[in-house]
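Fold and contact review
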Amino acid sequence: MSSYAERRARLVAALDTAELDALIITHPPNVRYLTGYIGSNGIGVIGRNGERLLTDSRYAVSARHQVGDDVEVVIGPGDLTAVLAGAVVALAPGGRVGLEAAHTSMLRGAQIAASLTARDPAIQVISDVGRVEALRLIKDDDEIASIARAAGMVDAALASVLAAGIVGRPERDVAFGLCTELFQLGAEGSSFEIIVAAGPNGAKPHAVPGERVIADGELVVIDLGAIADGYCSDMTRTVPTGPLPDALTRAYAVVAQAQAAALAAVRPGITCAALDAVARDVITAAGLGEAFGHGLGHGVGLEIHEAPRVSREGTETLRPGMVVTIEPGIYLEGVGGVRIEDLVVVTEDGARVLSHSPKPSVSSITG
Ligand code: ZN
Ligand code: ZN
């Protein structure tokens, strides 16, 4: 059984438990996960009576190639509403049909429901949330290998750009250099807009690289990710460009300590909230809790931000095969910021770190 067929079989089992006869899959990463289809206009219909992938003529050739023979590919017009209704009525007549509510606008959901019930008044359309995402939580070996490959590209790109020197260059020039390196290393793209935030700009966790020229004696937050085989990576390093003011040296030391503590705590059975607390407690004990506003991390896979959320509110318990980031930060408005982020895969007895870029040691930044 192909990995796609195996995923679909697990989805059908989950649908049985939920007493759903089929699920309409509208979220592109979920469609890709279940069928292999890569494109901007594809809907999956998966149920115990069969599987269809609906797309339009622009993707006819590539969809048949990507999806293989297991799943029937239906080519419709650009608006797939009518072919979707035909597929659902064929696979789940009079049935209870789930619709991915988190990824379908109210307008689109109403159109789909109206079109289905016009064909088959007995069909019930049920809002369904997180069912494919629950399968995606646990990565198989091939997925982990792709994520590790994407992480390796980031390590190599950062090493190359840092070796060339970043002082005296505008942030956006460094970001462009990193992006170019990623493509040269074979990445399909950058998994998000690369962040290069120097000096006070580092206090903005999602800063946009600008014209500011990187100077001596400041911290530069560099956050980047690559895409390999459709899978994302994500890593941040904070790089000193010379001796720093005491506030930044101290912030760096605290984040480094918090990140190391959280990395050491990653293992099956810990809840995401408890893991967040491991790092947060270190930062709070240093009197800087207010300066760490975001969660400790997030899942990474076909999407750069996916389940589980590693935050104070994170209810998920870590299990082997989950891939998450560990990225505490301290942001001091007007002064600068620090974030250190690694990508890890949860193993049977702990974690394997997939990011290997060196981290500047605390002693190296005190000048
Ligand atoms: Zn990141
Ligand atoms: Zn991240």
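Residues numbered from 1 in each chain as written. Chains lettered and ligands numbered in written order. Predicted model: local features only at pLDDT ≥ 70, side-chain atom pairs only at ≥ 80, totals over all residues. Heavy atoms only, no water.

Per the secondary structure count, the protein includes eleven helices and 19 strands. Principal-axis analysis of the C-alpha atoms places the extent of the protein at approximately 70 × 40 × 35 Å. Classification of the 367 residues of the protein by burial places 53% in the buried group. Only carbon and sulfur atoms are counted for the fraction: they give 55% of the accessible area of the protein, which is about 15100 Å². Charged side chains in the protein number 29 positive and 44 negative. The centres of these two groups are separated by 2 Å. (Helix = DSSP H or I, 4+ residues; strand = E, 2+ residues; numbered from the N terminus. Buried < 20%, exposed > 50% of the residue type's maximum accessible area, 1.4 Å probe, protein only. Areas by Shrake-Rupley, 256 points an atom, 1.4 Å probe, with all protein chains shown as cover. Lys, Arg positive; Asp, Glu negative; His and termini not counted. Charge placed at Lys NZ, Arg CZ, Asp CG, Glu CD.)

Right, let's talk about the sheet that holds strand β12 (residues 235–240) for a bit. Read from one edge to the other, the open sheet built from three strands follows the order β8-β9-β12, with strand pairing classed as antiparallel. The open sheet has two edge strands, β8 (195–198) and β12, and neither has a second partner. Neighbour-to-neighbour, the strand axes of this sheet turn through a mean angle of 10 degrees, independent of strand direction. Looking at chain direction, β8 and strand β9 (residues 219–224) are connected through four bridges and run antiparallel. Considered in β9, the bridge of Ala197 is made with Val221. The sheet contacts of helix α7 (residues 141–164) involve β9 and β12, and relative to β12 the element is tilted by about 20 degrees. (Pairing = 2+ DSSP bridges. Axes fitted to C-alpha atoms, helices over the stretch in contact; angles between N-to-C directions. Contact = heavy atoms within 4.5 Å.)

Through backbone hydrogen bonds, the strands of a sheet pair up, either in parallel or in antiparallel fashion. Ordered by their spatial adjacency, three strands build an open sheet running β7-β10-β11, and the pairing between neighbours is antiparallel. Edge positions in the open sheet fall to β7 (189–190) and β11 (231–232), since each of these has one partner strand only. Bridging between strand β10 (residues 226–228) and β11 involves two bridges; their strand directions are antiparallel. Paired with Ala228 across the two strands is Tyr231, which belongs to β11. In the packing of α7 onto the sheet, the strands contacted are β10 and β11, and the crossing angle to β10 comes to about 140 degrees.

This part is about the pattern of salt bridges. Tallied over the full model, the rule gives 24 salt bridges. Linking Glu72 and Arg52 is a salt bridge whose minimum nitrogen-to-oxygen distance equals 3.0 Å. Residue Glu72 is found in strand β4 (residues 72–76), and its partner Arg52 is found in strand β3 (residues 50–56); the two are separated by 20 residues along the sequence. For Arg52, a relative accessible area of 18% gives the class buried. Bridged by salt links that share partners, the residues Arg136, Lys139, Glu303 and Glu306 form one connected network. (Salt bridge = Lys/Arg side-chain N within 4 Å of Asp/Glu carboxyl O.)

All right, on to the coordination of the zinc ion (ligand 1) then. All of the protein donors around the zinc ion (ligand 1) are Asp223 (OD), Asp223 (OD), Asp234 (OD) and Glu341 (OE); their distances to the metal are 2.0 to 2.6 Å. Donor residues for the zinc ion (ligand 1) sit on one chain with the sequence pattern D-x10-D-x106-E. The distance between the zinc ion (ligand 1) and the zinc ion (ligand 2) comes to 3.1 Å, and Asp234 binds to both of them. In this pair, Asp223 is assigned in strand β9 and Glu341 in the loop between β17 (336–339) and β18 (342–346), connecting sequence segments 118 residues apart. (Donors = N, O, S within 2.8 Å, 3.2 Å for Na, K, Ca; no water.)

In this chain, Ala307 is followed by Pro308 through a cis amide linkage whose omega measures 0 degrees. The backbone phi angle of Glu19 is positive, close to 55 degrees, even though this residue is not glycine. The phi torsion at Asp229 lies on the positive side, around 55 degrees, for a residue other than glycine. Along the chain, Asp229 turns up in the loop between β10 and β11. What makes Asp229 partly exposed here is its relative accessible area of 35%.

For helix α2 (residues 28–35), the buried fraction is high: six of the eight residues fall into the buried class. Listed as buried for α2 are Pro29, Asn30, Val31, Tyr33, Leu34 and Thr35. The first or second residue beyond α2 is Gly36, which carries a positive phi of 90 degrees.

Attention now moves to the side chain of Glu171. Relative to the helices and strands, Glu171 resides in helix α8 (residues 171–184). With residues near it in sequence (within four places) discarded, Glu171 still touches Val196, Ala197, Ala198, Asn201, Val208, Pro209, Gly210, Arg212 and Ile214.

Four donors placed tetrahedrally about a metal ideally form angles of 109.5 degrees, and six donors placed octahedrally ideally form angles of 90 or 180 degrees. At this site the zinc ion (ligand 2) is bound by Asp234 (OD), His298 (NE2), Glu327 (OE) and Glu341 (OE), with donor distances of 2.1 to 2.2 Å. One way to put it: the four donor atoms around the zinc ion (ligand 2) meet at angles of 77 to 149 degrees, and that makes the site irregular. Mapping the donors of the zinc ion (ligand 2) onto the primary sequence yields the spacing D-x63-H-x28-E-x13-E. (Tetrahedral: all angles 85-135°; square planar, octahedral: opposite > 155°, others 65-115°.)

One can read the domain layout of the protein as domain 1 (3–136) and domain 2 (141–366). Relative to domain 2, the C-alpha centre of domain 1 lies at a distance of 36 Å. Each partner contributes to the interface: domain 1 provides six residues, whereas domain 2 provides seven residues. With both sides pooled, the region where domain 1 packs onto domain 2 buries about 600 Å², and carbon together with sulfur makes up 42% of that total. Connecting domain 1 to domain 2 are three salt bridges. With a closest N to O distance of 3.0 Å, Glu303 and Arg136 form a salt bridge. Seen at the junction of domain 1 and domain 2, the total is four residue pairs in polar contact (both at pLDDT 80 or more). Considering every element that reaches the side of domain 1 that touches domain 2, the biggest residue donor is α2, with three residues. Grouping the amino acids of the side of domain 1 that touches domain 2 by side-chain chemistry returns two nonpolar, one polar and three charged. (Domains from an automatic or database assignment. Buried area = accessible area lost by both parts, 1.4 Å probe. Polar contact = N/O pair within 3.5 Å; in protein donor to acceptor, adjacent residues only side chain to side chain. Nonpolar A, V, L, I, M, F, W, Y, C, P; charged D, E, K, R; others polar.)

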